[in-house]
Amino acid sequence: MQMKRGIFLVLVNVPVLTDGNSNDQMKLVSVWCDYKDPLTKESVTTEAIEVKLQRPEMVNEEDMVVSIEVDRQKNRLQAAEAMSNSRAAAERGDLPRAQSILNGCRTRMADTISMYACDGLATDLDLELQEARSRIVNQSMYESKGKGFLLAGVSSHFAQQACYGGAGFSSSAYQTDNMRRMVDKSRASVFPPANDNTHQKRPRASVFPPATDNTHHKRPHASVFPPAS
């Protein structure tokens, strides 16, 4: 069974160091998890992990590398918020504002590390924002095609779950093999392959019954003379 993998993005405001002791580590957060085991139904609590941050006076260039995984999740959150705000503007009838929100998000994402690295999720998000922009060119199109698309995108990226529509999954990052097999099986049952009837012609019924061959079924003649004694 393929388990769902969720990623938590935690945004922390790091306070300014004022005591002058810059070589010490600053404790940011303690992380642990409480959950119920799906098999034993027992509650489990993991050990707490402390996240610390070094505060050196000088920062080396290799320490300034941005994590692509963190940048990817920031783009996911940014795109989901942009689609939510765009939908809110469209509901007010302000379609130019709704389009501007999506365009601004695409511009900001284009300058991120994950986009430069051709990350799959970043590329999917950009295509999805572009598709959403094309569905809100007027109020009629928004009502028929844009509203549902934006709702599905917001729900998909906030919950990190694949959302399937007529054109396919909203984002390949949330797909699983079971999802793809389920959709392929559903398509095959709704649209079965066409049968080739070129070699399966129905035989025609004969109009005339088959002729009976009586050459070997002649009726015997009765004898006119009695048998000799």
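Everything here concerns the structure above.
Everything numeric here is computed off the predicted structure, so don't read it as measured data.

Rules behind the numbers
- Residues numbered from 1 in each chain as written.
- Predicted model: local features only at pLDDT ≥ 70, side-chain atom pairs only at ≥ 80, totals over all residues.
- Heavy atoms only, no water.
- Helix = DSSP H or I, 4+ residues; strand = E, 2+ residues; numbered from the N terminus.
- Expected span 1.5 Å × (residues − 1).
- Buried < 20%, exposed > 50% of the residue type's maximum accessible area, 1.4 Å probe, protein only.
- Arc of directions from axis to C-beta.
- Contact = heavy atoms within 4.5 Å.
- Polar contact = N/O pair within 3.5 Å; in protein donor to acceptor, adjacent residues only side chain to side chain.
- Axes fitted to C-alpha atoms, helices over the stretch in contact; angles between N-to-C directions.
- Parallel < 35°, antiparallel > 145°, perpendicular 65-115°, else oblique.
- Left-handed = near helix turned anticlockwise from the far one by under 90°.
- Core = buried A, V, L, I, M, F, W, Y, C linked by side-chain atoms within 4.5 Å.
- Salt bridge = Lys/Arg side-chain N within 4 Å of Asp/Glu carboxyl O.
- Patch = residues over 30% accessible without salt bridge, like charges linked within 9 Å, V, L, I, M, F, W, Y side chains within 5 Å.
- Areas by Shrake-Rupley, 256 points an atom, 1.4 Å probe, with all protein chains shown as cover.

A. Inspection of helix 2 (residues 95-109) at higher detail. The terminal C-alpha atoms of helix 2, which comprises 15 residues, lie 21 Å apart, in line with the 21 Å expected from a rise of 1.5 Å per residue. Burial in helix 2 covers these residues: Leu95, Ala98, Gln99, Ile101, Leu102, Cys105 and Met109. Buried residues in helix 2, looked at end-on, bunch into an arc of 155°, giving them a common side. Exposed residues pointing more than 90 degrees away from the buried face of helix 2 are listed as Pro96 and Thr107. Of the surrounding elements, those touching the buried residues of helix 2 are helix 1 (68-91), helix 3 (113-116), helix 4 (120-134) and helix 5 (139-159). By the N-cap criterion, in which a side-chain oxygen at the helix start approaches the backbone nitrogen of a residue two or three places on, helix 2 is capped by aspartate 94, the distance to arginine 97 being 3.2 Å.

B. Main features of the packing of helix 1 against helix 4. For the pair helix 1 and helix 4, the least separation of the axes is 10 Å and the interaxial angle reads 15°. Put simply, helix 1 runs roughly parallel to helix 4. Crossing geometry of helix 1 relative to helix 4 is assigned as left-handed. Of helix 4, the residues touching helix 1 (which contributes Arg72, Asn75, Arg76, Ala79 and Met83) are Leu121, Ala122, Leu125, Glu128 and Leu129.

C. Representation of helix 1. The terminal C-alpha atoms of helix 1, which comprises 24 residues, lie 34 Å apart, in line with the 34 Å expected from a rise of 1.5 Å per residue. Every buried residue of helix 1 is accounted for by Asp71, Arg72, Gln73, Asn75, Arg76, Ala79, Ala80, Ala82, Met83, Ser86, Ala89 and Ala90. Looking one or two residues beyond helix 1, the residue adopting positive phi is glycine 93, at roughly 90°.

D. Seen up close, the nonpolar core. The biggest cluster of nonpolar side chains holds 21 residues, and the ones touching the most others in it are Met109 and Leu129. Elements with a minimum of two residues in this core: helix 1, helix 2, helix 4 and helix 5.

E. Structural detail: the environment of methionine 109. Mapped onto the fold, methionine 109 is located in helix 2. Each C-alpha atom of the pair methionine 109 and lysine 74 lies 9.5 Å from the other, and the pair is 35 residues apart in sequence. Residues contacting methionine 109, with those up to four places away along its chain left out, are Asn75, Gln78, Ala79, Met115, Ala122, Leu125, Asp126 and Leu129.

F. A look at the pattern of salt bridges. For the coordinates displayed, the defined rule picks out eight salt bridges. With a closest N to O distance of 3.3 Å, lysine 27 and glutamate 50 form a salt bridge. Taken together, the residues lysine 27 in strand 1 (residues 25-31) and glutamate 50 in strand 4 (residues 49-54) connect sequence positions 23 residues apart. Look at lysine 27 and you get partly exposed, because its relative accessible area is 48%. You can call glutamate 50 partly exposed: its relative accessible area is 43%. One salt bridge in this structure joins arginine 72 and aspartate 119, with 2.7 Å as the shortest N-O distance. Taken together, the residues arginine 72 in helix 1 and aspartate 119 in the loop between helix 3 and helix 4 connect sequence positions 47 residues apart. Residue classification places aspartate 119 among the buried residues on the basis of a relative accessible area of 9%.

G. Representation of a nonpolar patch on the surface. A cluster of nonpolar residues, Phe8, Val10, Val12, Val14 and Leu53, forms a patch on the protein surface that exposes about 490 Å² of accessible area. Here valine 10 lies in the segment before strand 1.

H. Representation of the environment of methionine 26 within the structure. Looking at the secondary structure, you find methionine 26 in strand 1. Methionine 26 sits in the buried class, given a relative accessible area of 17%. Taking the C-alpha atoms as reference points, methionine 26 and leucine 53, separated by 27 residues in sequence, lie 5.1 Å from one another. Filtering out sequence-adjacent residues up to four positions away, methionine 26 remains in contact with Val14, Pro15, Leu17, Val51, Lys52, Leu53 and Arg55.

Read these as spatial facts, not as claims about activity.
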